[in-house]
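Listed below, chain by chain, are the residues.
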Amino acid sequence: MAIEARHAQGVATLTLCAPESLNALTIADLLALRQLLRTLQDDDAVRCVVLTGAGTRSFCTGADLKRTLPPAEPFARGTLRGRGADAERDGYTRLLDLSDLELWKPMIAAINGYCLGGGLELAMQCDLRVASERASFGLPEVKVASVPAAGGVQQLLRAIPSAHAMKLALTGDRIDAAAALRIGLVSDLFAPENLLPEAHAIALRIAANGPLAVQAVKRLALETAHLAPRDFIAQANLQWGLLRDSRDRIEGRQAFADKRPPQYFGV
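Each chain has its residues counted from 1, running along the sequence as written. For this predicted model, a pLDDT threshold of at least 70 governs which residues receive local features, and a threshold of 80 or more governs which side-chain atom pairs are given and counted, while totals over whole chains, interfaces and linings are taken from all residues. Each side-chain value is worked out from all heavy atoms of the structure, with water and hydrogens disregarded.

(A) Quick peek at the overall build of the protein. In DSSP terms, a helix is any run of H or I states spanning at least four residues, a strand is any run of E spanning at least two, and both are numbered starting from the N terminus. Of regular secondary structure, the protein possesses eleven helices and ten strands. Accessibility here uses a 1.4 Å probe with only protein chains present; expressed as a share of the type maximum, an area under 20% marks a residue as buried, one over 50% as exposed, and anything in between as partly exposed. For the protein, the proportion of its 267 residues judged to be buried stands at 44%. In this description, contact between two residues means that some pair of their heavy atoms is separated by no more than 4.5 Å. Within the protein, contacts between residues separated by at least 24 positions form 67% of all contacts whose residues are at least 6 apart in sequence. Using the Shrake-Rupley algorithm and a 1.4 Å probe, accessible areas are obtained, with residue cover drawn only from the displayed protein chains. Accessible surface, the protein: about 14,300 Å² in total, of which carbon and sulfur atoms supply 56%.

(B) Region of interest: the pairing of strand E1 (residues 2-8). One bridge is not enough; two strands pair if DSSP finds at least two bridges between them. Relative to strand E2 (residues 11-17), E1 runs antiparallel, the two sharing seven bridges. Looking at E2, one finds that Glu4 is bridged to Thr15. Between E1 and E2, which pair antiparallel in sequence order, lie two residues; one of them, Gln9, sits at a positive phi of approximately 55 degrees.

(C) The sheet that holds strand E10 (residues 188-190), seen in detail. Reading across from one edge, E1-E2-E3-E5-E7-E10 is the order of the six strands in this open sheet, with mixed pairing throughout. Across the chains shown, the open sheet's two edge strands, defined by having one partner strand only, are E1 and E10. Strand-to-strand twist in this sheet, taken as the mean axis angle between neighbours without regard to direction, amounts to 20 degrees. Lines fitted to C-alpha atoms define the axes, with helix axes restricted to the stretch in contact, and inter-axis angles between N-to-C directions lie between 0 and 180 degrees. Lying over the sheet, helix H8 (residues 195-207) contacts E1, E2, strand E3 (48-53), strand E5 (107-111), strand E7 (128-132) and E10, oriented at roughly 170 degrees with respect to E5.

(D) Structural view of the packing of helix H5 (residues 152-159) against helix H6 (residues 162-171). Direction vectors running N to C along H5 and H6 enclose 155 degrees, while the axes themselves pass 8 Å from each other. One finds that H5 runs roughly antiparallel with respect to H6. For the pair H5 and H6, the sense of crossing is right-handed. Here H5 contributes Val153, Leu156 and Leu157 to the contact with H6, which in turn contributes Ser162, Ala165, Met166, Leu168 and Ala169. When its residues are assigned to classes, the contact of H5 with H6 shows seven nonpolar, one polar and no charged. Note that the term roughly parallel is reserved for angles under 35 degrees, roughly antiparallel for angles over 145, roughly perpendicular for angles of 65 to 115, and oblique for everything else. Each crossing is labelled by how the near helix is turned from the far one, with a counterclockwise turn of less than a right angle marking it left-handed and a clockwise turn marking it right-handed. Each residue is assigned to one of three groups, with Ala, Val, Leu, Ile, Met, Phe, Trp, Tyr, Cys and Pro labelled nonpolar, Asp, Glu, Lys and Arg labelled charged, and all others, Gly among them, labelled polar.

(E) A look at the packing of helix H9 (residues 211-224) against helix H10 (residues 229-244). It is the contact of H9 with H10, at a shortest axis distance of 11 Å, that shows an interaxial angle of 165 degrees. One element, H9, and the other, H10, form an angle in the roughly antiparallel class. Judged by the twist between their axes, the crossing of H9 over H10 is right-handed. For the pair H9 and H10, contact is made by Leu212, Ala213, Ala216, Arg219, Leu220 and Thr224 and by Phe232, Gln235, Ala236, Gln239 and Leu243, respectively. Among the residues making up the contact of H9 with H10, the classes are represented as seven nonpolar, three polar and one charged.

Below is the structure:
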């Protein structure tokens, strides 16, 4: 699979390009995706990332089972030796977990079709999910006597009410786009031809905001939502203090007073 990357107006669009396999992922694909995301995190010209799939049938269907073989070394032996994540040993499941990359720039999943298994785990690691009216969603791992190994169950429980999350995880059933919108798995549904333009419109609105503030909001959402009120308010106040004297915050207040669009530089 090639991963196509395009940059424009502060938004990077990454497209998983393997429509013949419904955009299923190999280990090489995940390594390439991780490297791209690292590069984008360090690129000051990029303020938001949109992730989508090529074609009209699929966002991503998880692992490419024909090209993702089990590692030669037993999992238990390698784990008990105390080594960290390793592409050759841990393969697909460890590489699909993006949490170690510390990506603070917002990511939008533009889900254009099947979003199943590891594909849904990938989408749930994005900050926003918007979908085509033709999209469908599921974690079918239990149907093949396995589990979502990249945090799919836990991500579902964070994203939607527990009754819906557990029903999806325990049955392995697939739901359509309307159901995904109803339970809050996605924020918006669009006609297939409007999906990417609408996702880009949202991304542009995000990119127009203060980039340090946007990344601070994401950090607060990921790192402090589980804390008690006293603690998460303290963390929010800390982030506010870090931004208080920034050039961008001063520019934002001045632009408001001048009734003009602000010009932010991420400083």
